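What follows is each chain in one-letter form.
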Amino acid sequence: MSYRELATRSVLAWSAVMVTGRLPVAMAPLALVFLVRERPGGYTLGAALAAVYVLGEILAAPVLGMRLNAERARPQLVAGLAVGAAGFTGLGLAPGAHPVVLAALALVAGTGPAAVPGALRALLTSLVPERAVNQAMSVESMTTFLLWAAAPALTTGLALGVGPAVPLLLQGLLTGLSVAGLRLLPAGWSAEAQEKGASMRRTLLRAWPVYVLGAAGLTLLALAELILPALLEQRGIGIGWAGPLLAGFSIGSAVGAFLYGLREGWPGPPAVQSMVLVLGVAAGVALVAVLPWTAAIAVALVAAGLLQAPASLTRNLQLRQVLPPGALAAGYSVMYAAVGAGYAAGGSLAGGLLEVVAPSTAILCGVGLTALLTAIGAVGERRLSRRTPDVPEVRAGVAPGAVGVAPGAQVAADAAAEAPERNVRR
């Protein structure tokens, strides 16, 4: 299936909701820094507000994701986005408020829409035929990386050129528009009976190796973004190159997502693909740490970006194989929290290491941590594979283990194997 066939009314409406709902999230950390940077200790306060915002996302995503009603998700999504819009707007209208008030609003802005990314991904895959899932998720990944590439420039331009509160007000407006856009989409997606409580938690915990790989991938991204300016100074390269180099990484990721979606299936199961791709990204980031020339660093970052998006895609495709349809939205939300935790861990590691070692050494230490997390994920994946019954692939013309294979037969086998210990799936 080609990308052109995804240009349906429902997918285009979904894209509009995704852009208006996700761009505010991409803008948020930097917007919070600009909001308070002119106050005494502004940069420290801004970093703290950004941390509170991300913490709200990480903590709320799995909790709210498990509470989603697949077939009637719209009211919950509307409520979450409305809360996020209120948080962003409150921050924009009260930039001089007490830090505790700003922190509370940042927490609200991060917490409210935390389950929306996972729900939108589940909704997207329900809008397209099974054979188009690869392409649909590639489009989502391309859009995400392009938004993350554009958000810093948009935030900086508005904050410095118009006013520090303007980015937050725009974020509130965009999030509100995404609420209105949900009316153009189905109320939910079809799923089997939904598990609840402990049964749902057991089902989600079964996929822990996939979450570990997600955290490993975002640890690398944090290293690339946060240590690069210090590394350029160490190399005697102008720090102004940091922006273009990171933009190259994001653009490379968008291109990688596009290329991955050109084929319906790639050799090997998604779990193996994900591990290989994460290690490839790690190799690219390691080259950034040792190469002395600007052009060589740029090539290494673009190459790492080309692999970063497919690595993320294969993790999400792996979730579709190991989780039942009724748990997918919750699984995507847990993945969202895991990658956020990985980014936060990478940022904390970067900050601590830069106090005691050179930037190049700090990057290599982070790469070592990524390799360790990947090894842990690989061991867990082997155990997960042994617990998964062998089921013939159900789609004609696709090699066993290919990414494009429909997971329905596997899900049915998992349901039969685990029926004694859990309720009927949603």
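Each residue is numbered by its place in its chain's sequence as written, counting from 1. The model is predicted, so local features are restricted to residues of pLDDT at least 70 and side-chain atom pairs to those at 80 or more, both for listing and for counting; the totals for chains, interfaces and linings are taken over all residues. Here the side-chain values reflect all heavy atoms present in the structure, with hydrogen atoms and water set aside.

1. A word on the overall build of the protein chain
Helices and strands together make up the secondary structure of the protein chain, namely 15 helices and zero strands. Whether a residue is buried, partly exposed or exposed follows from its accessible area with a 1.4 Å probe, protein chains only, as a fraction of its type maximum: under 20%, in between, or over 50%, in that order. When burial is assessed residue by residue, the protein chain has 54% of its 426 residues classed as buried. Residue exposure ignores everything except the shown protein chains as possible cover, and the areas themselves are Shrake-Rupley values with a 1.4 Å probe. On the protein chain, roughly 17,200 Å² of surface is accessible, and the fraction owed to carbon and sulfur atoms is 69%. Segments assigned H or I by DSSP are reported as helices when at least four residues long, segments assigned E as strands when at least two residues long, and all are numbered from the N terminus.

2. So, the packing of helix H6 (residues 133-161) against helix H7 (residues 166-181)
To define axes, lines are fitted to C-alpha atoms, for helices over the stretch in contact only, and angles between the resulting N-to-C directions are given on a 0 to 180 degree scale. The contact between H6 and H7 brings their axes to 8 Å, and the two run at 125°. The orientation of H6 with respect to H7, classified from their angle, is oblique. Contact with H6, carried on its side by Leu154, Thr155, Leu158 and Ala159, involves Val166, Pro167 and Leu170 of H7 and no other residues of that element. In terms of residue class, the contact of H6 with H7 is made up of six nonpolar, one polar and no charged. Throughout this description, any angle smaller than 35 degrees is read as roughly parallel, any larger than 145 degrees as roughly antiparallel, any in the 65 to 115 degree range as roughly perpendicular, and the remainder as oblique. Whether two residues are in contact is decided by their heavy atoms: any pair within 4.5 Å suffices. Residues are sorted three ways: Asp, Glu, Lys and Arg are charged, Ala, Val, Leu, Ile, Met, Phe, Trp, Tyr, Cys and Pro are nonpolar, and all the rest, Gly among them, are polar.

3. Quick look at empty space enclosed by the protein
Note on definitions: the grid is 1 Å and covers protein atoms alone; a cavity is a set of points where a 1.4 Å probe fits but cannot get out; a pocket is an open set with protein on both sides within 12 Å along at least five of seven lines; lining residues have an atom within 4 Å of a point. Grid points are joined across faces, edges and corners, and a volume is the space filled by probe spheres set on the points. If you walk through the whole model with that rule in mind, you get three cavities of 30 Å³ or more. Contributing to the lining of the second largest cavity are Gly21, Arg22, Val25, Glu57, Leu81, Pro113, Ala114, Val116, Pro117 and Tyr336. Every element with two or more residues in the lining of the second largest cavity is listed here: helix H1 (9-36) and helix H5 (116-127). At three residues, H1 tops the list of elements feeding residues into the lining of the second largest cavity. Split by residue class, the lining of the second largest cavity holds seven nonpolar, one polar and two charged.

4. Focus on the nonpolar core
We define the nonpolar core as a collection of buried residues of types Ala, Val, Leu, Ile, Met, Phe, Trp, Tyr and Cys that are connected through side-chain atoms lying within 4.5 Å of one another. Counting 90 residues, the largest nonpolar core has Tyr211, Ile297 and Leu319 as the members making the most contacts within it. Examining the composition of this core, we find that 11 residues originate from one element, helix H9 (residues 208-235), more than from any other. Leu32, Ala114, Ala165 and Leu168 belong to the second largest nonpolar core, which has 23 residues in total.

5. Considering H1
With 28 residues, H1 extends 41 Å between its outermost C-alpha atoms, agreeing within 8% with the 40 Å of an ideal straight helix rising 1.5 Å per residue. The sharpest bend along H1 comes to roughly 50°, located at Ala28, with the proline Pro29 sitting one to four residues further on. In terms of burial, H1 is largely enclosed, as 20 of its 28 residues are buried. Multiplying 1.5 Å by the residue count of a helix minus one yields the expected span of that helix. We define the bend at each residue as the angle formed by axes fitted to the 7 residues ending at it and the 7 residues starting at it.

6. Some details on the environment of Ser10
Residue placement: Ser10 occurs in helix H1. Expressed as a C-alpha distance, the spacing of Ser10 and Leu185, which sit 175 residues apart in the sequence, is 6.6 Å.

7. Side note on the packing of H1 against H6
Put simply, H1 and H6 touch, their axes get as near as 8 Å, and they point 45° apart. Regarding the angle of H1 to H6, the classification is oblique. In the crossing of H1 with H6, the sense of the turn from one axis to the other is right-handed. For the pair H1 and H6, contact is made by Trp14, Met18, Val19, Arg22, Leu23, Val25, Ala26, Met27, Leu30, Ala31 and Phe34 and by Glu140, Thr143, Thr144, Leu147, Trp148, Ala151, Pro152, Leu154, Thr155, Thr156, Ala159 and Leu160, respectively. Considering only residue class, the contact of H1 with H6 consists of 17 nonpolar, four polar and two charged. Two helices that cross are described as forming a left-handed crossing if the nearer one is turned anticlockwise from the farther one by less than a right angle, and a right-handed crossing if clockwise.

8. Considerations on the environment of Leu231
With respect to the element layout, Leu231 can be found in helix H9. If near-sequence neighbours (up to four positions away) are discounted, Leu231 is found in contact with Val288, Ala289, Pro359, Ser360 and Ile363.

9. Considerations on the environment of Val33
When you line up the elements, Val33 lands in helix H1. For Val33, a relative accessible area of 19% gives the class buried. For the pair formed by Val33 and Thr44, sequence separation is 11 residues and the distance between their alpha carbons is 8.4 Å. Setting aside residues up to four positions removed in sequence, Val33 forms contacts with Tyr43, Gly46 and Ala47.

10. Structural notes on helix H2 (residues 42-66)
Along its 25 residues, H2 runs 37 Å from first to last C-alpha, staying within 8% of the 36 Å computed at 1.5 Å per residue. Helix geometry: H2 is bent most strongly at Ala60, by close to 35°, with proline Pro62 lying one to four residues after it. Among the residues of H2, those classed as buried are Gly42, Leu45, Gly46, Leu49, Ala50, Tyr53, Gly56, Glu57, Ile58, Ala60, Ala61 and Gly65. Those residues of H2 that are buried lie in contact with H1, helix H3 (74-93), helix H4 (99-111) and helix H13 (328-353).

11. Section: the confidence of the model for the protein chain
Overall, the prediction assigns the protein chain a mean pLDDT of 80, with 87% of residues at 70 or greater. The pLDDT score gives, residue by residue, the confidence of the prediction method on a 0 to 100 scale. Overall, residues 389-426 carries pLDDT values under 50, and its contacts beyond four positions in sequence, including any with other chains, amount to 94 contacts.

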